[in-house]
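Fold and contact review
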Amino acid sequence: MLVFRPPTLGSMTVTAPAPFSEVTRSESSLRTFLHGLPGVDAVGADARAAMLGTRSIKTTSKAWALDLAIRMVDLTTLEGQDTPAKVRALAAKARRPDPADPGCPSVAALCVYPDMVPAAVAALAGSGVHVASVATAFPSGRASTAVKLADVRDAVAGGADEIDMVIDRGAFLSGRYAQVHDEIVATRAACGSAHLKVILETGELGTYDNVRRASWLAMLAGADFVKTSTGKVSPASTLPVTLVMLEACRDFRDATGRQVGMKSAGGIRTSKDAIKYLVLVNETAGDDWLDPAWFRFGASSLLNDLLMQRQTMASGQYSGPDYVTLD
Amino acid sequence: MSDRLGVRKTYKLYLGGTFPRSESGRSYSVSGASGEFLANAALGSRKDVRDAVVAARAAFGGWSGATAYNRGQVLYRVAELLEGRRDQFAAEVATSEGLSAAEALRVVDAAVDRWVWYAGWTDKIAQVHGGANPVAGPYLNISTPEPTGVVGVVAPRESSLLGLVSVVAPAVATGNTTVVLASETRPLPAVTLAEVLATSDVPGGVINLITGRVAETAPRLASHRDVNAIDLTGAPADLATALEVAAADNLKRVLRRPPSEPDWTADPGLGRLTAYLETKTVWHPIGV
């Protein structure tokens, strides 16, 4: 038997059936396992996230946190009006977010729609900034599996380093866990060497219990990252949801030895918010996750606020939106 | 003699259409002209200044984009509400400035009239300050004044209501949004003015009001890069030069501190209306 550490907010110790291959063998074993996960204490999760949000991060710690947050940003443009030119402009910003300051780090990745991947790859060649692409009929995921997989292969063929897929929320909420699982496995296979981020779209899952189950389901199916939201549904990422998912990442590593990354996306607009997330990561999953390889922010306007805060710390004067680019 | 305990007003800041206490949690005691205790007012901090600028910037698009006629209507409505609180303002001005009841009423009336006067200018300033330019070419050439953006106002120290109205109304009449540092020693009429603004149709964030130590807040306002102009009328004499230097860093428009506080009852002229305007000139080809 594989006994793993009780999740902080659970009321009982989880004893998972071992090995996990048994869990994913059938629809019923998957359901038994996922529904056997301890329930999330919703009030406790909200309270803990709120409490961690009050930590005061100042001076050198703040400067360090701002630079780390910039390095963790997946600079995102997912609009119907995107053009290769806009992607190139954003790629330039991803390489050198603050052209006036050579000490400013690059972001982690540029996140675009699959048809924009070639433009992003060309613009970021040699920079070390990854190209991430959403796929699988993002953001709704309402397409046949064949179409979703074709979407993924298209993005990978274009040169994407990371694929952000959406799960089939309809199937998940109907309890067809095996269908969701198999789709993630198939997508994982289609990704080849590209990293797979699995978007749970927590705003549609309804409860923290579902968030925990979906996180485990994604990790069991081979996700490299679990990601909160598409950014197209409100509420998007929140601190308590991120807390629940980070606990799942931590518990999954304790149980299996495999570390899975975490990406919070949508609704994170200010440096203050970003620093709250960093505190949450450190206190929940641990500092192993305080690295762009294991934690990401999916954001567009956040980067400008981080840059303004950075300028403010350097000059001692409050900066303004006139001193960063309009994206 | 009634045993009833009076319900005292908490004098707070006015930021983005709401009345928060200072982010710092601090307050300071305000005394009347003869030294008696009047109230505790919020002691605003640098972060309150920052929040106020964010609110003013957010409000700028809507306020500057409103038609001049509409701005005039909204500001006239403020004058109506000022008039309705005439006695309250008179009492606060009398205790703050040490005036007699009759003198204080005259000051309040002058303040209401000043507000109406500036409200009337909203849709006339473009005709006086802009116009068609004769050019040597087949073009129709027009210049129109546009608001400069977020204006920081260091309000007069002596005249707590008439002086305040005389510096704030012209800035917002032309479509700017403002962050106002109220008189340090006489802030109470300013807070009551904020209550009038909150119940009028002026959108939240167009006028933001911070009470507290000007020497602490003004430097942050002057150096803030998202503030487009600053009025140093009420700046302390020993701080004025430093504030101008800080404001020069991002080329703010600066209205310099006068050697002594002006006579606010005099005809104000158009100087304060035109101080925060940028001229936009359009060249339009016409048929040969």
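This text follows the structure it describes.
Our subject in this report is the structure included herewith. Bear in mind the structure is a predicted one, so any value in this text is a computation, not a measurement.

1. So, the overall build of chain B
Across its full length, chain B holds 10 helices and 10 strands. Whereas a compact globule of 288 residues would reach a radius of gyration of roughly 19 Å, chain B reaches 20 Å, a difference of no more than 12%. C-alpha extents for chain B along the principal axes are approximately 85 × 35 × 35 Å. Nonlocal contacts in chain B, meaning residues at least 24 apart in sequence, comprise 76% of its contacts between residues at least 6 apart.

2. Thoughts on the overall build of chain A
Helix and strand counts for chain A stand at 13 helices and 10 strands. Overall, chain A is about 55 × 45 × 30 Å in size when its C-alpha atoms are taken along their principal axes. Considering only contacts within chain A whose residues lie at least 6 apart along the sequence, 72% involve residues at least 24 apart.

3. Some words on the packing of helix α4 (residues 59–71) of chain A against helix α12 (residues 271–284) of chain A
Residues and elements named next belong to chain A. Two elements in contact, α4 and α12, have axes whose closest approach is 10 Å; the angle formed by their N-to-C orientations is 90 degrees. It follows that α4 is roughly perpendicular to α12 by the angle criterion. Listed contacts from α12 to A65, L66, L68 and A69 of α4 are S271, A274, I275 and L278. Here the residues of the contact of α4 with α12 sort into seven nonpolar, one polar and no charged.

4. Considering the sheet that holds strand β6 (residues 162–166) of chain A
Strand pairing in a sheet relies on backbone hydrogen bonds. The paired strands run either parallel or antiparallel. Residue and element names in this part refer to chain A. Around the barrel, which closes on itself, the eight strands sit in the order β3-β4-β5-β6-β7-β8-β9-β10 with parallel pairing between neighbours. Sheet twist, expressed as the average angle between the axes of neighbouring strands with direction ignored, equals 25 degrees. One ladder, built from four bridges, connects strand β9 (residues 261–265) with strand β10 (residues 295–299); its direction is parallel. Across the sheet, S264 pairs through a bridge with F297, a residue of β10.

5. Side note on the sheet that holds strand β5 (residues 150–154) of chain B
Residues and elements named next belong to chain B. Taken in spatial order, the five strands make up an open sheet running β7-β6-β5-β8-β9, and their pairing is parallel. Of all the strands in the sheet, just β7 (207–210) and β9 (253–255) have a single pairing partner and so form its edges. Strand-to-strand twist across the sheet, computed as the mean angle between neighbouring axes with direction ignored, equals 15 degrees. Relative to strand β6 (residues 177–181), β5 runs parallel, the two being bridged by five bridges. Note that in β6 the partner of V153 across the bridge is V180. With respect to the sheet, helix α8 (residues 214–223) is in contact with β5, β6, β7 and β8 (229–231), its orientation differing from that of β6 by roughly 155 degrees.

6. A short note on helix α9 (residues 177–191) of chain A
Residue and element names in this part refer to chain A. The end-to-end C-alpha distance of α9, which contains 15 residues, comes to 21 Å, matching closely the 21 Å that a straight helix rising 1.5 Å per residue would cover. On its buried face, α9 is in contact with α2 (27–36), α7 (145–158), β6, α8 (169–173), β7 (195–199) and α10 (208–220). G192, located one to two residues past α9, shows a positive phi value of around 65 degrees.

7. Considering unusual backbone geometry
Of note, the amide linkage connecting F138 of chain A to P139 of chain A takes the cis form, showing an omega dihedral of 0 degrees. Mapped onto the secondary structure, P139 of chain A falls in the loop between β5 (130–134) and α7. With an omega dihedral of 0 degrees, the bond running from S234 of chain A to P235 of chain A counts as a cis peptide bond. Inspection of the secondary structure puts P235 of chain A in the loop between β8 (225–227) and α11 (239–256). Positive phi, close to 60 degrees, is recorded for T136 of chain A, a residue that is not glycine. Tracing the sequence through the fold places T136 of chain A in the loop between β5 and α7. By the C-beta count within 10 Å, which is 30 here, T136 of chain A ends up buried. Non-glycine residue L251 of chain B carries a positive phi angle of around 55 degrees. For L251 of chain B, the location among the structural elements is in the loop between α9 (240–248) and β9. L251 of chain B sits in the exposed class, given 8 other C-beta atoms within 10 Å.

8. Let's talk about the packing of helix α2 (residues 68–84) of chain B against helix α4 (residues 101–121) of chain B
All names here are of chain B. Running from N to C, α2 and α4 cross one another at 170 degrees; their axes reach a closest spacing of 8 Å. When the axis of α2 is compared with that of α4, the two are roughly antiparallel. Along its contact with α2, which presents G72, L75, Y76, V78, A79, L82 and E83, the element α4 presents A111, V112, W115, V116, Y118, A119 and G120. Split by residue class, the contact of α2 with α4 holds 11 nonpolar, two polar and one charged.

Analysis parameters
- Residues numbered from 1 in each chain as written.
- Chains lettered and ligands numbered in written order.
- Predicted model: local features only at pLDDT ≥ 70, side-chain atom pairs only at ≥ 80, totals over all residues.
- Helix = DSSP H or I, 4+ residues; strand = E, 2+ residues; numbered from the N terminus.
- Rg over C-alpha atoms; globule rule 2.2 N^0.38 Å.
- Contact = placed C-beta atoms within 7 Å.
- Axes fitted to C-alpha atoms, helices over the stretch in contact; angles between N-to-C directions.
- Parallel < 35°, antiparallel > 145°, perpendicular 65-115°, else oblique.
- Nonpolar A, V, L, I, M, F, W, Y, C, P; charged D, E, K, R; others polar.
- Pairing = 2+ DSSP bridges.
- Expected span 1.5 Å × (residues − 1).
- Buried ≥ 20, exposed ≤ 12 C-beta atoms within 10 Å, placed from the backbone.

By themselves, these are just geometric observations and shouldn't be taken as functional.
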